[in-house]
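# Understanding the architecture of this molecule
One letter stands for each residue in the lines below.
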Amino acid sequence: MRIVIAEDSVLLLEGLSQILTRFGHEVVAAVTDAPGLAAAVAEHEPDAVVTDVRMPPGFRDEGLRTALALRAERPGLPVLVLSQYVEQSYAAELLQTGGGVGYLLKDRVGEVMEFVDALERVAAGGLVIDPEVVRSLLSRRRERSPLERLTEREREVLGLMAEGLSNGAIARRLVVSEAAVVKHVGSILAKLDLPPAPDDHRRVRAVLAYLRDGGGPTTEG
Amino acid sequence: MNVWRAMKRHPLRFVFSSWPWRSLAYLATGPVVALVWLTVVAAMLVVGVVLTPLVVGIGVLACVPLTAVVLAAVERRRLRWLDPRPAPSAHRAPDGTGLRALVRFRLREAATWRELGYALLFTVLAAVDLLVPFVIIVGSTVAAGAPYLVANGDRIMYGSFATVDEPAEAWLHSLLGVAIALAGCYVFAALAGGRAALARALLVRPATEELVEVRASRARLADAFEAERRRIERDLHDGAQQRLTGLIMTLGLARLDGAAPDLIGKAQAEARAALEELRDLVRGIHPSVLTDRGLGAAVESLAERSPVPVDVDVELPERPPEPVEGAAYFVVAEALANVAKHSGASSARVRVRRDGDILTVEVHDDGEGGAEPAKGGGLQGLADRVSVHDGTLRLSSPPGGPTILRVEIPCAS
């Protein structure tokens with residue numbers, strides 16, 4: 001894959017480049033601020049983008065905003081957002097733009113294989129949400145939500161879907177058979193009233209329903 | 001809430017509130033006060049002139065300006081019907097004892113003469129205060145009652161311009177009467193508000209500059225602390241947090257190379273734990289989501305982390321100023337920490353609203369109550385923090401619950 005990386009810490013920028021190169025990807029541009037990211041994407045049309053949230057010039061959430069703007073211009077551009085903090089509201093904003101999105105704590109990069117795998121899944125149009133966001137979503141009680149119809153086990157499976165795991169990976173994580181997972185996923189999709197569509201698409205939508213419901217951003221201008 | 005702010009509310013809310021009535025009461029009682037004062041002054045003048053050959057008469061005349069001091073005291077009291085702010089008198093305590101010393105002292109004070117000026121102005125304006133409500137009330141009542149009058153064979157004549165004597169006209173006229181009454185509410189309020197402003201300007205001691213200075217310096221100190229917290233947060237983010245992340249990444253790469261995977265895995269777990277602790281610490285110092293996305297998202301984030309389920313209801317059409325936002329955030333953070341630690345509650349609710357330029361934060365829990373500001377440093381600290389921004393903190397926590405914490409912070413924007 002041809003990848004653009006944006007990260008203001010040179011140390012981390014080099015580490016990321018090194019990892020991705022090592023797994024056979026090409027880092028076509030490594031930039032250190034948000035305007036640089038927008039310019040690099042326009043110039044190189046990469047297969048995927050990896051970006052930090054907090055970057056120059058304002059050191060606030062420029063990276064995230066740039067990622068959202070890029071996805072608005074180029075629907076489906078795979079973007080993996082890395083951050084020192086994960087916030088449910090940011091996850092919801094990112095996911096509103098559809099599939100091909102990832103949102104992870106920065107230190108997950110330490111699990112190198114999993115990180116590269118996550119990026120590849122995002123590049124293939126999947127969703128990868130940090131387990132910490134998923135955990136807080138699962139623990140949060142919500143009323144009058146279609147998610148209330150799910151059983152504990154189904155919510156657990158949905159949480160792992162949100163982390164971006166395949167049926168096989170979910171089965172290994174929960175120590176059950178893959179057939180059981182397939183049954184759970186089918187039941188989740190049915191309970192959330194998702195219309196028939198290619199399986200991947202419905203999975204993404206189930207996760208979106210899940211996040212929208214839990215972390216709908218509060219009205220604020 | 002004062003009368004001017006009340007007038008900016010939704011017209012229906014204003015018309016059916018107590019404000020038009022208060023304003024009317026204020027206007028209607030003014031002429032009574034003025035009349036009593038005039039009578040007293042007239043009586044004193046007569047007595048004084050008659051007794052001038054005796055020395056007593058001069059004394060009586062000298063006391064005439066002092067009647068304004070009494071009038072001013074009454075006026076300051078009436079002022080509170082429309083304006084809840086404190087209205088202290090501008091007089092100082094006399095330096096001598098005895099009636100003579102008091103009279104002399106008061107006559108030398110500028111405040112007395114200002115009050116006399118107010119009394120004269122007030123008496124003249126009282127005529128307007130009497131006339132305007134009278135015209136509006138009579139006009140709107142007659143117009144509103146037009147159908148009744150016409151049905152009884154009467155008619156309403158406006159000089160030679162217009163005459164109302166048909167039922168259809170009368171009903172239209174009746175609507176006009178209602179409209180006059182509604183508009184009258186605003187006229188009363190505006191007139192009364194103007195009088196109240198005049199009373200405050202001439203009769204009330206302005207908040208001394210000293211006090212303002214103290215408050216400003218406290219606010220500066222609070223802002224300086226806030227800026228310092230941000231700096232620390234930024235330093236930790238760019239420094240220690242990045243380095244630890246870098247370390248975790250490097251260790252991950254080393255593990256790929258297959259050197260002592262167990263040891264490296266352990267080191268990585270340690271580094272991750274350190275980073276996690278640091279992250280929690282930094283969040284407590286200053287959460288970046290507050291800066292980036294404002295109070296709504298920051299409160300949501302607190303609610304997510306709370307062990308007690310929290311219902312969040314934040315509606316802010318625009319972001320309050322940063323210091324106010326920060327204070328409100330820490331109120332919610334501390335309140336939710338207390339809910340989790342002490343209340344035994346099974347659920348809590350956070351509500352944030354902005355009404356005019358007051359930001360209101362309410363945290364409600366269904367726990368066992370009995371919270372007291374004196375008990376824990378937390379609540380007292382919150383009250384201090386809120387008071388720096390001229391806000392107020394109120395707590396209701398009867399034994400057996402529920403506990404309601406309500407904070408109001410002014411945020412002029």
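What follows is about the overall build of chain B. If you tally the helices and strands in chain B, you get 14 helices and seven strands. Buried positions account for 41% of the 413 residues belonging to chain B. Within chain B, residue pairs in contact and separated by at least 24 positions form 68% of the contacts whose partners lie at least 6 positions apart. In the form shown here, chain B has an accessible surface area of approximately 21,900 Å², with 65% of it arising from carbon and sulfur atoms.

Take the nonpolar core next. Counting 87 residues, the largest nonpolar core has Met161 of chain A together with Leu295 of chain B as its most contacted members. The biggest single contributor to this core is helix α13 (residues 322-343) of chain B, with ten residues. Leave out the neighbours within four places in its chain, and Met161 of chain A touches Leu127, Ile170, Val185, Ile188, Arg203, Ala206 and Val207 of chain A.

Moving on, we get to the interface of chain B and chain A. Each partner contributes to the interface: chain B provides 45 residues, whereas chain A provides 42 residues. It is Met249, Arg293 and Glu304 of chain B in chain B that bury the most area against chain A; as a group they hold 20% of the surface buried on that side. The interface formed by chain B and chain A contains eleven salt bridges. A salt bridge links Arg305 of chain B to Glu87 of chain A, with the shortest nitrogen-to-oxygen separation between them at 3.4 Å. Where chain B packs against chain A, one counts 18 residue pairs in polar contact (both at pLDDT 80 or more). At the level of elements, α10 (209-256), α11 (261-285), α12 (288-305) and β3 (310-315) of chain B are the ones that each hand at least two residues to the side of chain B that touches chain A.

Residues and elements named next belong to chain B. Taking 1.5 Å per residue as the helical rise, helix α5 (residues 67-79) with its 13 residues ought to reach 18 Å, and the 18 Å between its terminal C-alpha atoms agrees with that figure. For α5, the set of buried residues is Thr67, Ala68, Val69, Leu71, Ala72, Glu75, Arg76, Arg78 and Leu79. The inward-facing, buried residues of α5 contact α3 (19-50), α4 (55-63), α7 (110-144) and α9 (167-203).

To continue, consider the confidence of the model for chain A. On average, residues of chain A score 84 in pLDDT, and 85% of them reach the 70 mark or higher. Scored below 50 in pLDDT, residues 214-221 of chain A shows 30 contacts in the model against residues more than four places distant or in partner chains.

Turning our eyes to something else, we now look at empty space enclosed by the protein. Tallied over the full model, the rule gives two cavities of 30 Å³ or more. Approximately 80 Å³ is the volume attributed to the largest cavity. Along its surface, the largest cavity is lined by Val53, Arg54, Arg60, Ser83, Gln84, Tyr85, Glu87 and Tyr90 of chain A together with His237, Ser288 and Asp292 of chain B.

All right, on to the packing of aromatic side chains then. Residue and element names in this part refer to chain B. Counting across every chain of the model gives three aromatic pairs over all chains. Taken together, a centroid distance of 4.6 Å and an interplanar angle of 40 degrees make the contact between Phe14 and Tyr186 tilted. Here the residue Phe14 occupies a position in helix α2 (residues 11-15), and Tyr186 occupies one in helix α9, the gap between them amounting to 172 residues. Overall, the relative accessible area of 0% leaves Phe14 in the buried class. The exposure class of Tyr186 is partly exposed, given its relative accessible area of 26%.

Reading the values: rules and limits
Residues numbered from 1 in each chain as written. Chains lettered and ligands numbered in written order. Predicted model: local features only at pLDDT ≥ 70, side-chain atom pairs only at ≥ 80, totals over all residues. Heavy atoms only, no water. Helix = DSSP H or I, 4+ residues; strand = E, 2+ residues; numbered from the N terminus. Buried < 20%, exposed > 50% of the residue type's maximum accessible area, 1.4 Å probe, protein only. Contact = heavy atoms within 4.5 Å. Areas by Shrake-Rupley, 256 points an atom, 1.4 Å probe, with all protein chains shown as cover. Core = buried A, V, L, I, M, F, W, Y, C linked by side-chain atoms within 4.5 Å. Buried area = accessible area lost by both parts, 1.4 Å probe. Salt bridge = Lys/Arg side-chain N within 4 Å of Asp/Glu carboxyl O. Polar contact = N/O pair within 3.5 Å; in protein donor to acceptor, adjacent residues only side chain to side chain. Expected span 1.5 Å × (residues − 1). pLDDT = per-residue confidence, 0-100. 1 Å grid on protein atoms, 1.4 Å probe; cavity = no way out; pocket = protein on both sides within 12 Å on 5 of 7 lines; lining within 4 Å. Points joined across faces, edges and corners; volume = space filled by probe spheres on them. Phe/Tyr/Trp six-rings, centres within 6.5 Å; stacked < 30°, edge-to-face > 60°.

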